[in-house]
Amino acid sequence: MISGMSILAEAVAALREWQHDDAPVQLHPGDLGWFWRAGAQATAAAVRTWRRDGRIVAVGLLDEPDLLRLTVAPDALRDEELARQLAEDLAHGVLPPGEVSLEAPPGALVRDLLAEDGWRAGEAWTPLVRDLTEPVADPGLRIEVIGPEQAPVWAGVLRASFDGSTFTEQRWHAMAAGAPFADARCLLAHHQGTAVAAVAVWSAGPGRRGLLEPMGVHRDHRHHGHGRAITLAAAAALRELGSSSALVCTPSTNVAAVATYRSAGFRQLPQRRDLHRDA
Ligand SMILES: CC(C)(COP(=O)(O)OP(=O)(O)OC[C@H]1O[C@@H](n2cnc3c(N)ncnc32)[C@H](O)[C@@H]1OP(=O)(O)O)[C@@H](O)C(=O)NCCC(=O)NCCS
């Protein structure tokens with residue numbers, strides 16, 4: 001387990017380095033940080049790394065047993081040897097046999113190899129980014145950066161935001177114990193004394209792209225501008241942490257989320273597709 005944990009730390013460090021405003025949208029250290037709610041051991045068990053000359057050049061996160069979120073170092077996106085190795089490993093062992101999905105950065109050679117091998121376009125995602133050079137408008141609600149004492153409230157708002165969410169205070173503590181959380185903030189938005197919206201933001205260090213994951217508005221408090229407000233607060237928090245831009249990625253079918261991010265000044269990037277292998 002010690003080696004699993006040190007690989008995890010190395011993977012987080014590699015992901016931090018790969019977050020640039022002009023790089024393709026990548027798996028972010030915050031994605032590992034959010035997964036960490038399942039605990040350090042589960043996170044270590046879900047992470048896969050590929051190396052060249054000792055250096056990590058690709059990182060995968062098994063977000064679900066049949067979904068790998070894969071990312072490649074920006075300077076290795078078209079590396080043929082790596083792409084062939086990835087394709088081989090995806091066919092044998094990294095993913096279970098049968099129907100599976102893969103997220104991989106646009107432009108990565110492994111996508112072309114898998115397409116030749118019969119993988120087809122899967123779920124559509126919409127990435128959105130917001131530049132953080134200029135100050136962010138005031139969200140107009142009271143925003144609180146929460147600590148452990150407010151974890152039950154933050155967890156409650158999240159559960160009330162996402163259908164089927166199993167998020168708990170305990171999961172918040174597991175997440176907060178993770179390495180990426182050192183660069184994260186959890187925010188609550190309050191309206192007339194009630195916590196109505198929650199977000200977590202993850203910096204990858206100054207001058208790099210930060211991530212929003214997750215963001216939600218309590219289902220009893222929607223359509224009052226609170227989604228826009230918590231998103232503006234998230235952008236401001238990332239700016240304070242030194243992020244150069246803010247990124248969020250949502251299923252393209254989530255029209256409310258896309259509208260909310262746009263309304264908070266995010267720019268929609270071209271849609272991207274997962275790759276899907278049929279059974
Ligand atoms: C998406 C979500 C945060 C929106 O919250 P909200 O408080 O209702 O949003 P707001 O009132 O701030 O609305 C923001 C914008 O989105 C639009 N919008 C909100 N819900 C919408 C819907 N169902 N369909 C279309 N547009 C919608 C609003 O019209 C508004 O646009 P405008 O500023 O151009 O007028 C909320 O529905 C939610 O928590 N959903 C579940 C969790 C989720 O999907 N989170 C995002 C995952 S990445």
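Residues numbered from 1 in each chain as written. Predicted model: local features only at pLDDT ≥ 70, side-chain atom pairs only at ≥ 80, totals over all residues. Heavy atoms only, no water.

In the annotation of an unreviewed UniProt entry, the entry for the chain reads N-acetyltransferase domain-containing protein, and the organism field reads Amycolatopsis deserti.

### Focus: the pairing of strand E10 (residues 245-251)
Stated formally: Exposed residues in this analysis have more than 50% of their type's maximum accessible area, buried residues have under 20%, and partly exposed residues fall in between, with area computed by a 1.4 Å probe over protein chains only. The way it works is that DSSP assigns letters per residue, a run of H or I at least four long becomes a helix, a run of E at least two long becomes a strand, and they are numbered from the N terminus. Should DSSP find at least two bridges between two strands, the strands are regarded as paired. With strands facing away from the observer, any crossover in which the path from the first strand over the helix to the second runs clockwise is taken as right-handed.
Along E10, five of the seven residues are buried, which leaves the element largely enclosed by surrounding structure. Both strand E5 (residues 120-131) and E10 contribute to a ladder of seven bridges, which runs antiparallel. Bridge pairing links Arg130 to Ala246 in E10. Pairing between strand E9 (residues 209-217) and E10: three bridges, direction parallel. Counted as the bridge partner of Arg209 is Ser245 from E10. Read as a crossover between parallel neighbours, the route from E9 over helix H8 (residues 226-240) to E10 is right-handed.

### Overview of helix H5 (residues 109-116)
Under the convention used in this document: Residue contacts are defined here by distance: any two heavy atoms, one from each residue, within 4.5 Å place the two residues in contact.
Among all positions of H5, only Leu109, Val110, Arg111, Leu113 and Leu114 are buried. For H5, the elements touching its buried residues are strand E3 (67-72), helix H4 (80-91), strand E4 (100-103) and strand E12 (272-277). Directly beyond the C-terminal end of H5, a positive phi value near 100 degrees is found at Gly118.

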